Amino acid sequence: MAAIGLYAVLWLSLDAATLNWHGVATLATLLMTLFIQRSEHRDTQAIHAKLDELLRVDRQARDDLASIDEREPEEVESFRDHQSDTPRHTA
């Protein structure tokens, strides 16, 4: 948020005449984008924490699943494709 505030201050100091309703809408859009990204990041982190806990307590879970989020997206998709081809074991 500080970056957007700094941007607005610089805009006002360098060219205040162009800060009209369109400029305010631009600043509001940047601020909303920041809030949405932060919310999405928080949700993703919470989901990862919950899944990590489930993997930790499940004795049948494989160790390579715990670190799959460190891989490239293409590797994750390949892993998921391989998983869908593998038959599931029922307890």
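Definitions and cut-offs
- Residues numbered from 1 in each chain as written.
- Predicted model: local features only at pLDDT ≥ 70, side-chain atom pairs only at ≥ 80, totals over all residues.
- Heavy atoms only, no water.
- Helix = DSSP H or I, 4+ residues; strand = E, 2+ residues; numbered from the N terminus.
- Rg over C-alpha atoms; globule rule 2.2 N^0.38 Å.
- Buried < 20%, exposed > 50% of the residue type's maximum accessible area, 1.4 Å probe, protein only.
- Lys, Arg positive; Asp, Glu negative; His and termini not counted.
- Charge placed at Lys NZ, Arg CZ, Asp CG, Glu CD.
- Salt bridge = Lys/Arg side-chain N within 4 Å of Asp/Glu carboxyl O.
- Expected span 1.5 Å × (residues − 1).
- Arc of directions from axis to C-beta.
- Contact = heavy atoms within 4.5 Å.

1. A look at the overall build of the protein chain
Tallying secondary structure elements over the protein chain gives four helices and zero strands in all. Of the regular secondary structure in the protein chain, the N- to C-terminal order runs α-α-α-α. What you see for the protein chain is a C-alpha radius of gyration of 22 Å, clearly larger than the 12 Å of a compact globule of 91 residues, by over 25%. Along the longest, intermediate and shortest principal axes, the C-alpha atoms of the protein chain span 70 × 25 × 20 Å. For the protein chain, the residues scored as buried account for 8% of the 91 residues in total. Looking at charge distribution, the protein chain has the averaged site of its 9 positive side-chain charges lying 8 Å from that of its 16 negative ones.

2. A look at the pattern of salt bridges
The tally for this structure, following the rule as stated, stands at two salt bridges. When the shortest N-O distance is used, the salt bridge between Arg-56 and Glu-53 registers 2.5 Å. Pair noted here: Arg-56 and Glu-53 are both in helix 2 (residues 21-57), with a separation of three residues, about one helical turn. On the basis of relative accessibility, which here comes to 60%, the residue Arg-56 falls in the exposed class.

3. Quick notes on helix 1 (residues 2-15)
When the terminal C-alpha atoms of helix 1 are compared, their 20 Å separation across 14 residues agrees well with the 20 Å that a helix rising 1.5 Å per residue should span. Within the sequence span of helix 1, burial applies to Ile-4, Ala-8 and Trp-11. In a view along the axis of helix 1, the buried residues occupy a sector of 60°, so they form one face of it. Residues Ala-2, Ala-3, Leu-6, Val-9, Ser-13 and Leu-14 are exposed on helix 1 and point more than 90 degrees away from its buried face. Where helix 1 is buried, its residues meet helix 2.

4. With respect to the environment of Gly-5
Following the sequence through the fold, Gly-5 ends up in helix 1. Judged by its relative accessible area of 32%, Gly-5 is partly exposed. Gly-5 sits 52 residues away from Val-57 along the chain, and the two C-alpha atoms are 45 Å apart.

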